[in-house]
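Structural features, examined
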Amino acid sequence: MQGNCGLFFESYRAEAGLFNTGFQRWSLGLFVALLLLCPLVLDTYLLSVLNLMCIAVIGAVSLNLLTGICGQISLGHGAFIGVGAYAAAQATLNGVPFLAALLLGGGASALVGMFFGVPSLRLKGIYLAIATLAAQLILEYVFLHWETATGGSRGLMLEPPKILGFSFEGERRMFYLLFAVAACTLAVVANVMRTRHGRAFVSIRDFYLSAEIAGVNLFAYKLVAFGLSSFLAGVAGGLWAHYTLFLSGEQFGIGLSITYLAMIVIGGLGSIVGSVMGAVFMTLLPEVLTAATRSLTGVFPDISSQLAALREGVFGLTLMLFLIFEPEGLANRWRLVKSYWKLYPFAH
Amino acid sequence: MEYYLQLFINGLVVGGIYSLVALGFVVIYKATKVVNFAQGEMVMVGAYVCFGLTVQLSIPFVWAFFMTLGFSVVLGLLVERLALRPLIGEAHICVIMVTIGLSSVLKSIVQLIWGTQIRVYPEVLPSTPVMIAGLPVAPVYIAAFALSAVLFGLFTLFFKYSRMGIAMRATAHDQQAAQSMGIGIRGIFALSWCIASVVSTVGGVILGNINGINSHLGVLGLKVFPAVILGGLDSLLGAALGGLIIGVLENVCDGLAKDLLGLGGFRDVAAFVVLVIILMIRPYGLFGTKDIERV
């Protein structure tokens, strides 16, 4: 725990709790309630951004579990999301109910993730990064060429998801579905972190040798980390498939993997709040940029044709600036801001 | 059979360029332990700058080439100073991500200045093919291969005999020991980025002469990974051979996949399938330092 002033724990149970103070609990509740009211006020465009954020949060949290918490760098997260998306899409196309299809997508993705995670037993650091990069590129090739399963370059068309006959059509209904799944994911990961398994992940990240000496089965835990992370990524993929209703191989390229890595780096490695912040930030960035270029077309008429290049450049620059000036990510900044205001007039 | 021989020769030429880019990668990795994901973009920037000088400013090719080399030295220094030095001592993932960010920035700068369409270099060498082993080969291919070979020779000599080269090898071996012998580590880091940038630029110019250039040239940077893993991450000879082998392998595999399985575009993944296999059985590659460690 961060040694918060005035907080005393009398049991390990209290220290491991998700909330330390009533204020935290209440403010989170208020925040969630406000979010739930959002669809009533916001227009479709803003809601669609919010929906994208929900999916990004699931993806980012799952990658943070693997990379930030367990320390296994993965450049193949985009492809794992893709596996989940295609598996869930095929399942619903063949008449499986939506929720089961979502789990199936997660399961398929977990299997693929664990398969590519097996080398993590022998490979560390950059070797693992390169191995997962290979996984990404090989899976991308499969997405484009396994036409019976993925529709190849033509892609797959889907129907909006239905649960017990209730169709989640339109941004508004979709928001509640995506929000619920995102909240569940966050709760799962936050609680995994409190168990001995979560601590085992952290110990592997910090120093694998001492983890092993302390009795952590490295191979099993690394594999579980890959499996759990890919499972959640697959769920994100399944939701993505049923949200956009169209799938094609290009959506799950190396660029997606890099975007997710950027989310957790910008948000804060190993921090759950950080992954949420990173996901929100990285989803907002292109939207803000598009809006900015639109308002600048009066000054620079041909700026909109350069939008793709600008987006790429701003993305890269943001990433580099964060790494150089704020390597701990947004989560750390947030913590500093909180502690500043906590003692506001009497900061030491 | 002749078809495969043709593929083999194409593979050797492409492999020569992979080797050059891999050489840059290995020089950086050896000296600074940084995995450079922006190597392909450095190739691209070099190719575009040379294109801009020759075609848009109509400077004679030879002069433009040397000016591009000068530019790439500056680029290497800037990148090292601005992006990499603040991250010395940070975790692997941060360093990887900063080079990924760098690759995005370089790609975007090229796209903003030169757009996305294919640009073609003016012809420097005659286009009448030379016959080698009964097969027509364009002179530019031979020049490319020869240039790669010469550069490799030069760098091997540099690392073996020059004071600077030996200092770089010492730094790669043990930074603290090198420092206590009076070697300026920062200078070595800057130098290794310069070398990598220059070598990639040469690769980019050669590539521009063969195929023309477009803004997706940076994908080449990903092909470096199979080459360096095959050769061993910290071996120059390994980078040279790895690049050639990967170049040949992906061309021949592409041909085989098309003939036998009817699969198109296998070229792009063949190298990575090889990569996974190497990582499974011999992660330190053909010539890399064998890290003995029981996990």
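Residues numbered from 1 in each chain as written. Chains lettered and ligands numbered in written order. Predicted model: local features only at pLDDT ≥ 70, side-chain atom pairs only at ≥ 80, totals over all residues. Heavy atoms only, no water.

1. Quick look at the overall build of chain A
The condition that has to hold: Every helix listed is a DSSP run of H or I at least four residues long, and every strand listed is a run of E at least two residues long, numbered separately from the N terminus. Both definitions apply: the radius of gyration is a C-alpha atom measure, and the globule rule equals 2.2 Å times residues to the power 0.38. Throughout, exposure labels follow a simple rule: accessible area from a 1.4 Å probe, protein chains only, divided by the maximum for the residue type, with under 20% read as buried, over 50% as exposed, and the rest as partly exposed. By the convention used here, residues are in contact when the closest approach between their heavy atoms is within 4.5 Å. Where accessible areas are quoted, they stem from the Shrake-Rupley method and a 1.4 Å probe; at the residue level, only the protein chains shown are allowed to cover.
Scanning chain A from N- to C-terminus turns up 15 helices and 4 strands. Its C-alpha atoms give chain A a radius of gyration of 21 Å, within 12% of the compact-globule value 20 Å for 348 residues. Counting all 348 residues of chain A, 47% fall into the buried class. Once local pairs closer than 6 in sequence are excluded, the contacts in chain A between residues at least 24 apart make up 75%. Surface summary for chain A: the accessible area is close to 16,700 Å², and the carbon and sulfur share equals 69%.

2. Details of the interface of chain A and chain B
Filter applied, for reference: Using a 1.4 Å probe, buried area is obtained as the accessible area two parts lose upon being combined, added over both of them. Salt bridges are defined by distance alone: a side-chain nitrogen of Lys or Arg within 4 Å of a carboxyl oxygen of Asp or Glu.
Taken together, the contact between chain A and chain B spans 41 residues of the former and 43 residues of the latter. Interface area for chain A against chain B, summed over the two sides, is near 3,800 Å², with a carbon-plus-sulfur share of 80%. Applying the counting criterion to the chain A and chain B interface returns 1 salt bridge. With a closest N to O distance of 3.6 Å, A:E312 and B:K107 form a salt bridge.

3. Considering the environment of A:L296
Residue and element names in this part refer to chain A. Tracing the backbone shows L296 in helix α13 (residues 272-296). Here L296 falls in the partly exposed class, since its relative accessible area comes to 33%. In the structure, L296 is positioned 83 residues away from I213 in sequence and 59 Å away in space, judged by C-alpha atoms.

4. Looking at the packing of helix α9 (residues 220-231) of chain B against helix α10 (residues 236-261) of chain B
Residue and element names in this part refer to chain B. How we decide: A fitted line through C-alpha atoms represents every axis, and for helices the fit uses only the stretch in contact; the resulting angles, taken between N-to-C directions, go from 0 to 180 degrees. In this scheme, roughly parallel covers angles under 35 degrees and roughly antiparallel covers those over 145, while 65 to 115 is roughly perpendicular and the rest are oblique. For a crossing to be left-handed, the near helix must be turned anticlockwise from the far one by less than a right angle; the clockwise case is right-handed. Under the convention adopted here, Pro, Cys and the residues Ala, Val, Leu, Ile, Met, Phe, Trp and Tyr are nonpolar, Asp, Glu, Lys and Arg are charged, and Gly plus all remaining residues are polar.
Where α9 meets α10, the closest approach of the two axes is 7 Å, and the angle between their N-to-C directions is 125°. On the basis of their axis angle, the class for α9 and α10 is oblique. You can see that α9 and α10 cross each other, and the crossing is right-handed. Contact residues: K223, P226, A227, L230 and G231 in α9; G238, G242, G243, I245, I246 and E250 in α10. Within the contact of α9 with α10, the residues separate by chemical class into 5 nonpolar, 4 polar and 2 charged.

5. Here we look at the side chain of B:T68
Residues and elements named next belong to chain B. Note on placement: T68 falls in helix α3 (residues 61-84). Residue classification places T68 among the buried positions, given a relative accessible area of 0%. Ignoring sequence-local partners within four residues, the contact set of T68 consists of G46, V49, C50, L53 and T201.

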